[in-house]
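Below, each chain spelled out in residue letters.
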Amino acid sequence: GCAGNGNSAADSEAAQESDSLASVEANVASELPEGVMVKSIDNAIAGEEVFKAIVADYKGKPVLVDFWATWCPPCRAAMKTIVPVKEAMADKVTFVYVTTTSSPEDTWNEMIKEIHGDHYYVTEDQWNTLLDQFESEGIPTYVIVDKEGNVVNKYVGFPGVEIVTEELGKLL
């Protein structure tokens, strides 16, 4: 996996980050292919409320949340590997992708066009909170959520197609 959180020293200024995140949705929405959505949560949301805010819209369907970054080769490799699972479960499971400011916005905008699912670009603080909450020391990290929004399982590193299929299948 990709160790650490990808945040370099001298990260963007808070004001710049806020402006950047606010503009992400507007810039991207018109150019996205069908099946790819950019969503957002309020930058002020903090603590355990961050994950709750992300999964709140998905009650009624199991969710696979993928924490990733544009600069993480294992993250991108796993996304290609899981495509058959996504195709088989497209109508039954929601696939959610979360990244942060360590992924350059322009690169992210281009990459997500190939990744069917809902995409969140969260603040550095929200990202660190999420990784801490799931005791993740690196990415990719996956969190499986049931139809009621409860965390069922988490994996640091891609657990493999069989495990993901089995875990999600139990929740259908």
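Residues numbered from 1 in each chain as written. Predicted model: local features only at pLDDT ≥ 70, side-chain atom pairs only at ≥ 80, totals over all residues. Heavy atoms only, no water.

Under the counting rule described, the total for this entry stands at 1 disulfide. Covalent S-S linkage joins Cys72 and Cys75, the inter-sulfur distance amounting to 2.4 Å. Given an S-S torsion of about 80°, the disulfide between Cys72 and Cys75 has right-handed geometry. One exposure class covers both Cys72 and Cys75, and it is buried. (Disulfide = S-S within 2.5 Å. Buried < 20%, exposed > 50% of the residue type's maximum accessible area, 1.4 Å probe, protein only.)

With that settled, consider the sheet that holds strand S5 (residues 117–122). With respect to topology, 6 strands assemble into an open sheet ordered S2-S5-S4-S3-S7-S8, the strand pairing being mixed. Across the chains shown, the open sheet's two edge strands, defined by having one partner strand only, are strand S2 (36–39) and strand S8 (151–156). Strand-to-strand twist across the sheet, computed as the mean angle between neighbouring axes with direction ignored, equals 20°. Bridge count between strand S7 (residues 141–145) and S8: 5 bridges; the pairing is antiparallel. Bridge pairing links Val143 to Lys154 in S8. Along the sheet, helix H7 (residues 161–170) contacts strand S3 (63–67), strand S4 (94–100), S7 and S8; its crossing angle with S8, the most-contacted strand, is approximately 170°. (Pairing = 2+ DSSP bridges. Helix = DSSP H or I, 4+ residues; strand = E, 2+ residues; numbered from the N terminus. Axes fitted to C-alpha atoms, helices over the stretch in contact; angles between N-to-C directions. Contact = heavy atoms within 4.5 Å.)

The element S4 is largely enclosed, with a buried count of 7 among its 7 residues. In S4, alternate side chains face the same way, and those of Thr94, Val96, Val98 and Thr100 on one face and Phe95, Tyr97 and Thr99 on the other are all buried. In terms of strand pairing, S3 meets S4 through 5 bridges, oriented parallel. The residue bridging Phe67 from the neighbouring strand is Val98, located in S4. As paired strands, S4 and S5 are joined by 5 bridges and run parallel to one another. In the sheet register, Val98 faces S5, and the bridge partner there is Tyr120. Once you follow S4 into helix H5 (residues 105–111) and on to S5, the crossover reads as right-handed. (Right-handed = clockwise from strand over helix to strand, strands pointing away.)

Bringing the pattern of salt bridges into the picture now. Here the idea is simple: oppositely charged side chains can pair when their charged atoms come close. Scanning all chains against the criterion turns up 6 salt bridges. Between Lys39 and Asp57 there is a salt bridge, with the nearest N and O atoms lying 3.2 Å from each other. Here the residue Lys39 occupies a position in strand S2, and Asp57 occupies one in the loop between helix H2 (49–55) and S3, the gap between them amounting to 18 residues. A salt bridge links Glu135 to Lys154; the nearest nitrogen and oxygen atoms lie 3.9 Å apart. (Salt bridge = Lys/Arg side-chain N within 4 Å of Asp/Glu carboxyl O.)

This part covers the pairing of S5. With 6 of its 6 residues buried, S5 lies for the most part within the structure. In this structure, S2 lies alongside S5, joined through 4 bridges in parallel fashion. In the sheet register, Lys39 faces S5, and the bridge partner there is Tyr120.

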